[in-house]
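# A structural walkthrough
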Amino acid sequence: MEFKDYYKIMGVERTATEAQIKQAYRRLARKYHPDVSKEKDAEARFKDLGEAYEVLKTPEKRAAYDRLGQGPRPGEEFKPPPDWGSGFEFAGAGPGAGGADYSDFFESLFGAAAGGSRPNRGFGSRRRPADRGEDHHAKVMFDLDAALQGGSRTLTLRIPEIDGEGHLAARERLLNVQVPKGILPGQTIRLAGQGASGGSEGKPGDLYLEVEFEPHPLYRVDGRDLYLDLPVTPWEAALGASVKTPTPGGVVDLKIPAESRAGTKLRLKGRGIPAASPGDFYVVLQIALPAARDDQAKAAYRAFADALPFNPRSTLGV
Amino acid sequence: MRSDIEGPLSGEIFDDYAVLSLEELSRLCAVEKTYIVELVEEGVLSVTEVDVARWRFPGSALRRARTALRLQRDLEINLPGVALALELLEEIERLRRARRENL
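Another aspect to go through is the overall build of chain A. Helix and strand counts for chain A come out as eight helices and eleven strands. Relative to its 318 residues, chain A shows a buried fraction of 41%. A sequence separation of at least 24 residues applies to 56% of the contacts in chain A between residues at least 6 apart. Per element, the accessible surface of chain A, about 17400 Å² overall, is 51% carbon and sulfur.

What follows is the structure, given as structure tokens:
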């Protein structure tokens, strides 16, 4: 098991005061909150942070944690000492952060239920018929092709559950989902009856998947519209040309109008993300210059300069 | 613990069809109704009807409300702060898209 240095995670000294710890938590929580941060590992960091804060803000847990010392050297296995936990009582509220499951490290020290024992806790009291199962919510990443063509994708979800002894544990659930064609990032898919099972006569809850897209190597998504940056040569842009262009539906011959400039947007209507009124596919032209490495290329550039006197900075007054 | 692959399951795009009453939205967010009312009063969620009993929310309100509640709970900010954060996040997203388009 990996030792977690909660002080390092919070970026504070081991001697930090409660106020300093709270301050560090607030600052880092704003930075790594998954709804705010665009950083890739924000979710994991925010979870670590919530766990670190849960331990360091609670005097009993912090005292117990401090007794472990600095932990093993990096790479060494961590095992709680045999007398671990004697004399401390871990009860009380859950962490401020929303992570429903803790690391193995945390659980080996404080038990799975130490942070509060309800899955999906946090939004306050739950009011629903007592026998209806809970709804589950999960964030999922789809590739753009799933939205364009539909099709099935296998998702791995971590479902918090309470085991027979009342401990909170995360169960891994593999789910094959038929992606609705035309789904957009920011939308939600509802899978009826796929939440927690209900009581003896109750209906199960529903599963809500909050959808985001993985970045596509070629296309950008804006609403239902797709954007592609297409490099063209100066002569293709100036004289017009027909060039091969990738689109979600396959390679097409795209007509570049004469006198196109960098940034010119060409629209392929209805070739964006499908819907009753589908999005469009935009090609944004970029002018790519051939390198002037050898003499022949340099001569060509010079001939070009001689033939076409041109001051692109005239509007700058120079 | 690992289970076998379940499915295939067919889902619906919630945003496209769902129309939620105040009761339904508060149940889906697992909060008291007064919480949702506060979100409306703060302008985080919008409604067209004046009469609370006739409030209807689009499916997209679910995600917005949940994001607001997460921000409020995790960062311990008050509702005006949450509303400001959401607006700024949307503005950043809009600017990001605009910048990419004009490259």
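Many authors give the size of an interface as the accessible area that is lost as the parts come together. With 41 residues of chain B in contact, the opposing surface of chain A contributes 54 residues. Between chain B and chain A we count nine salt bridges in total. One salt bridge in this structure joins R70(B) and E210(A), with 3.8 Å as the shortest N-O distance. Viewed at the interface, chain A and chain B are joined by 20 residue pairs in polar contact (both at pLDDT 80 or more). Among the elements of the structure, strand 1 (6–10), strand 2 (12–13), helix 1 (14–17), helix 2 (22–29), helix 4 (60–75) and helix 5 (79–101) of chain B are those that each provide at least two residues to the side of chain B that touches chain A. The element best represented in the side of chain B that touches chain A is helix 4 of chain B, accounting for ten residues. Of the residues in the side of chain B that touches chain A, the class split is 17 nonpolar, five polar and 19 charged. As defined by bridge partners, strand 4 (residues 188–191) of chain A adjoins strand 2 of chain B across two bridges and the pair is classed as antiparallel.

Turning our attention to the pattern of salt bridges. Across all of its chains, the model carries 25 salt bridges over all chains by this definition. Two residues, D143(A) and R153(A), come together in a salt bridge whose shortest N-O distance is 2.8 Å. Of this pair, D143(A) sits in the loop between strand 1 (136–142) and helix 6 (144–149) while R153(A) sits in strand 2 (residues 151–162), placing them ten residues apart in sequence. By relative accessible area, D143(A) is classed as partly exposed at 25%. Note on R153(A): relative accessible area 23%, which makes it partly exposed. Put simply, E93(B) and R96(B) hold a salt bridge, and the shortest N to O gap is 3.8 Å. Of the two residues, E93(B) and R96(B) both sit in helix 5, three residues apart, roughly one turn of that helix. You can call E93(B) partly exposed: its relative accessible area is 25%.

Residue and element names in this part refer to chain A. A sheet is described by the order of its strands in space; here four strands give the open sequence 6-7-11-10, paired in mixed fashion. Where the open sheet ends on each side, the last strands, each with one partner, are strand 6 (219–222) and strand 10 (265–268). Taking the axes of each pair of neighbouring strands and ignoring which way they run, one obtains an average angle of 30 degrees across the sheet. With seven bridges connecting them, strand 7 (residues 225–232) and strand 11 (residues 281–287) associate as parallel partners. For L228, the partnering residue across the bridge sits in strand 11 and is V283.

Once that is clear, we can look at helix 2 of chain B. Listing the buried residues of helix 2 of chain B in full gives L22(B), L25(B), S26(B), L28(B) and C29(B). Projected down its long axis, helix 2 of chain B shows its buried positions confined to an angular sector of 160 degrees, all on one face.

What follows deals with the side chain of R62(A). All names here are of chain A. With respect to the helices and strands, the residue R62 is situated in helix 4 (residues 59–66). Buried and unpaired, R62 has D66 as its nearest opposite-charge partner, separated by 4.0 Å. Here Y7 takes part through its side chain, which lies 2.9 Å from a polar atom of the side chain of R62. Within the structure, R62 has its side chain in polar contact with the backbone oxygen of A16 (distance 2.8 Å).

Another aspect to go through is the packing of helix 3 (residues 42–56) of chain A against helix 4 of chain A. All names here are of chain A. Where helix 3 contacts helix 4, the axes come no closer than 6 Å and their chain directions differ by 100 degrees. When the interaxial angle is binned, helix 3 and helix 4 end up roughly perpendicular. Residues E54, V55 and L56 of helix 3 form the contact with helix 4, whose own contacting residues are K61, R62 and Y65. Partitioning the contact of helix 3 with helix 4 into residue classes produces three nonpolar, no polar and three charged.

To continue, consider the side chain of K4(A). As for its position among the elements, K4(A) is in the segment before helix 1 (6–10). If sequence neighbours within four positions are ignored, K4(A) has contacts with I9(A), D48(A), E51(A), Y65(A), S103(A) and F105(A).

Turning our attention to the confidence of the model for chain B. Detail in the predicted coordinates should be disregarded across regions flagged by low pLDDT. Residues and elements named next belong to chain B. Confidence in the prediction for chain B averages 87 pLDDT; 93% of positions are at 70 or higher. Mean pLDDT values over the elements of chain B span from 84, in strand 1, up to 94, in helix 3 (residues 33–41). Across the interfaces of the predicted complex, the ipTM metric reaches 0.82, alongside a pTM of 0.74.

Residue and element names in this part refer to chain A. Every buried residue of helix 4 is accounted for by K61, R62, A64 and Y65. An end-on view of helix 4 places all buried positions within 165 degrees of arc, on one side of the element. Each element contacted by the buried residues of helix 4 is listed here: helix 1, helix 2 (18–32), helix 3 and helix 5 (104–110).

M10(A), Y65(A), L25(B), I36(B), L45(B) and F57(B) are the most contacted members of the largest nonpolar core, which has 53 residues in total. Looking at this core, the elements that each hand over two or more residues are helix 1, helix 2, helix 3 and helix 5 of chain A together with helix 2, helix 3, helix 4 and helix 5 of chain B. The greatest single-element share of this core, amounting to seven residues, is contributed by helix 4 of chain B. When residues no more than four places from it in sequence are discounted, the contact partners of I36(B) are L22(B), L25(B), S26(B), C29(B), V31(B), L45(B) and F57(B). Formed by 39 residues, the second largest nonpolar core is a distinct cluster that contains L175(A), V211(A), F213(A) and V232(A).

Quick notes on the rules
- Residues numbered from 1 in each chain as written.
- Chains lettered and ligands numbered in written order.
- Predicted model: local features only at pLDDT ≥ 70, side-chain atom pairs only at ≥ 80, totals over all residues.
- Heavy atoms only, no water.
- Helix = DSSP H or I, 4+ residues; strand = E, 2+ residues; numbered from the N terminus.
- Buried < 20%, exposed > 50% of the residue type's maximum accessible area, 1.4 Å probe, protein only.
- Contact = heavy atoms within 4.5 Å.
- Areas by Shrake-Rupley, 256 points an atom, 1.4 Å probe, with all protein chains shown as cover.
- Salt bridge = Lys/Arg side-chain N within 4 Å of Asp/Glu carboxyl O.
- Polar contact = N/O pair within 3.5 Å; in protein donor to acceptor, adjacent residues only side chain to side chain.
- Nonpolar A, V, L, I, M, F, W, Y, C, P; charged D, E, K, R; others polar.
- Pairing = 2+ DSSP bridges.
- Axes fitted to C-alpha atoms, helices over the stretch in contact; angles between N-to-C directions.
- Arc of directions from axis to C-beta.
- Lys, Arg positive; Asp, Glu negative; His and termini not counted.
- Parallel < 35°, antiparallel > 145°, perpendicular 65-115°, else oblique.
- pLDDT = per-residue confidence, 0-100.
- Core = buried A, V, L, I, M, F, W, Y, C linked by side-chain atoms within 4.5 Å.

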